[in-house]
Amino acid sequence: MDKIQLLKEIEEECRNADLPLKAGATNLVFGKGDLNAEIMFVGEAPGKNEDLQGLPFVGAAGKNLDKLLEKVGLSLKSVYIANILKYRPPENREPNSEEIKAHTPWLCRQISGMKPKVICSLGNYSTKFFLANGEVDKMKEQEGITKLHGKVRMIDFNGLNIKLIPLFHPAAIIYNQKLKVEWENDMVMVKQEIGQKSLA
Ligand code: URA
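Cut-offs applied
- Residues numbered from 1 in each chain as written.
- Predicted model: local features only at pLDDT ≥ 70, side-chain atom pairs only at ≥ 80, totals over all residues.
- Heavy atoms only, no water.
- Helix = DSSP H or I, 4+ residues; strand = E, 2+ residues; numbered from the N terminus.
- Rg over C-alpha atoms; globule rule 2.2 N^0.38 Å.
- Buried < 20%, exposed > 50% of the residue type's maximum accessible area, 1.4 Å probe, protein only.
- Contact = heavy atoms within 4.5 Å.
- Areas by Shrake-Rupley, 256 points an atom, 1.4 Å probe, with all protein chains shown as cover.
- Lys, Arg positive; Asp, Glu negative; His and termini not counted.
- Charge placed at Lys NZ, Arg CZ, Asp CG, Glu CD.
- Polar contact = N/O pair within 3.5 Å; in protein donor to acceptor, adjacent residues only side chain to side chain.
- Pairing = 2+ DSSP bridges.
- Axes fitted to C-alpha atoms, helices over the stretch in contact; angles between N-to-C directions.
- Expected span 1.5 Å × (residues − 1).
- Parallel < 35°, antiparallel > 145°, perpendicular 65-115°, else oblique.
- Nonpolar A, V, L, I, M, F, W, Y, C, P; charged D, E, K, R; others polar.
- Near = heavy atom within 4 Å.
- 1 Å grid on protein atoms, 1.4 Å probe; cavity = no way out; pocket = protein on both sides within 12 Å on 5 of 7 lines; lining within 4 Å.
- Sits in = over half its atoms within 2 Å of the grid points.
- Salt bridge = Lys/Arg side-chain N within 4 Å of Asp/Glu carboxyl O.

Engineer: It is not clear to me how the overall build of the chain should be interpreted in this structure. Could you clarify?
Structural biologist: The helix and strand tally for the chain stands at seven helices and six strands. Mapped in sequence order, the helices and strands of the chain form the string α-β-β-α-α-β-α-β-α-α-β-β-α. Taken against the 2.2 N^0.38 rule, which gives 16 Å for 200 residues, the C-alpha radius of gyration of the chain at 16 Å falls within 12% of a compact globule. Here the C-alpha coordinates of the chain stretch approximately 40 × 40 × 35 Å along the principal axes. Counting the 200 residues in the chain, one finds 50% classified as buried. A separation of at least 24 residues holds for 71% of the contacts in the chain among residues at least 6 apart in sequence. For the chain, the computed accessible surface area is about 9,800 Å², with 49% contributed by carbon and sulfur atoms. Side chains of the chain carry 28 positive and 26 negative charges; the gap between the two charge centres is 4 Å.

Engineer: It is not clear to me how the side chain of H103 should be interpreted in this structure. Could you clarify?
Structural biologist: Topologically, H103 is positioned in helix α4 (residues 97–114). In terms of polar contacts, H103 uses its side chain to reach the backbone carbonyl oxygen of P20, at 2.7 Å. When neighbours within four sequence positions are excluded, H103 is seen to be in contact with L19, P20, L21, I84, L85, K86 and Y87.

Engineer: Help me out: how do you make sense of the sheet that holds strand β1 (residues 31–33) in this one?
Structural biologist: To summarise the sheet geometry, strands pair through backbone hydrogen bonds and adopt either a parallel or an antiparallel arrangement. Taken in spatial order, the six strands line up as β1-β3-β2-β4-β6-β5 in an open sheet, and their pairing is mixed. Looking at strand neighbours, the two that pair on one side only are β1 and β5 (153–157), the edges of this open sheet. When the angles between neighbouring strand axes are averaged without regard to direction, this sheet yields 30°. In this sheet, strand β3 (residues 80–83) lies alongside β1 in antiparallel orientation, the contact comprising three bridges. Bridged to G31 within β3 is A82.

Engineer: I tried to follow helix α1 (residues 3–16) on my own but got confused; where do I start?
Structural biologist: Along an α-helix, residues three or four apart share an orientation, since each turn contains 3.6 residues. Across its 14 residues, α1 extends 20 Å between first and last C-alpha, which sits within 8% of the 20 Å expected from 1.5 Å per residue. Along its buried surface, α1 packs onto β3 and α4.

Engineer: Would you explain the packing of α4 against helix α5 (residues 123–131) in this entry?
Structural biologist: Two numbers describe a pair of packed helices, the interaxial angle and the distance between the axes. Two elements in contact, α4 and α5, have axes whose closest approach is 13 Å; the angle formed by their N-to-C orientations is 70°. With respect to their mutual orientation, α4 and α5 come out roughly perpendicular. Two secondary-structure elements touch here, α4 through I100, T104, L107, C108 and I111 and α5 through Y125, F129 and F130. Of the residues in the contact of α4 with α5, the class split is seven nonpolar, one polar and no charged.

Engineer: In this structure, what is going on with the packing of α1 against α4? I would like to understand it.
Structural biologist: It is the contact of α1 with α4, at a shortest axis distance of 9 Å, that shows an interaxial angle of 170°. Taken together, the axis directions place α1 and α4 in an arrangement best described as roughly antiparallel. Along the contact surface, α1 presents K3, L6, L7, I10, E13 and C14, while α4 presents W106, R109, Q110, G113 and M114. Of the residues contributing to the contact of α1 with α4, the split by class is six nonpolar, two polar and three charged.

Engineer: I'm lost on the site of the ligand in this one. Help?
Structural biologist: Within the structure, the ligand sits among G43, E44, A45, P46, E50, P56, F57, N83 and H169. Here N83 contributes a side-chain N or O atom positioned 2.8 Å from a nitrogen atom of the ligand. Contacts to the ligand include H169, whose side-chain N or O atom sits 2.8 Å from an oxygen atom. Protein contacts shield 91% of the accessible area of the ligand, which totals 240 Å² for the unbound molecule. In a pocket analysis with a 2 Å cut-off to the grid points, the ligand is assigned to the largest pocket.

Engineer: Please clarify how the pattern of salt bridges should be interpreted in this entry.
Structural biologist: A side chain with one charge may pair with a side chain of the opposite charge, provided their charged atoms come close. Using the criterion set out here, one finds ten salt bridges in the structure. K138 is paired through a salt bridge with E135; the nearest N and O atoms lie 3.4 Å apart. Judged by relative accessible area, which is 37%, K138 ranks as partly exposed. Overall, E135 belongs to the partly exposed group, its relative accessible area being 41%. The partner of K163 in a salt bridge is E193, with the nearest N and O atoms 2.7 Å apart. On the criterion of sequence distance, the pair formed by K163 in strand β6 (residues 160–167) and E193 in helix α7 (residues 177–194) is long-range, its members being 30 residues apart. A relative accessible area of 25% means that K163 is categorised as partly exposed.

Structure follows, in structure tokens:
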């Protein structure tokens, strides 16, 4: 089965699964972008616009991310992007451990199906999830994004060797010029890691 078909099937299974937050949400927000890309971005949770459209990163954070990616020859269309949580938490509150435990097996299946070479984790939740190797109870012990952003490391994630590049969450840098400069420096790293061949 090809990747696109496989991921469609996983998405349909996820849509039918009984997950926390589903009852209060409008749509499942599974993922979007190019499944053949080498690079996957993983955010935290859908917000209001994402919930309404059923697509990740279509609101203010997404617009900012697209603008920031453009500078290094990428766009949201040329990468694949998904979230830790597949449904919006009420009032955009932070995800809790039970929700992360219930939702992330779907993210793991997305990753196994897509087999990205590089994962850019956006913000604390996503970064800690990968550093804890998907063990949600170990997320609290992990260092935060302020220390780790832009530092590349290899992780063995469910049998896949993946380069993890933690980045600030694009929502955090909308109004913060200092973080924007740091983001631009980190993206130089991303550019090197994915190689010029992947860039437009
Ligand atoms: N922030 C996220 O982490 N994910 C989205 O899909 C939108 C905003």
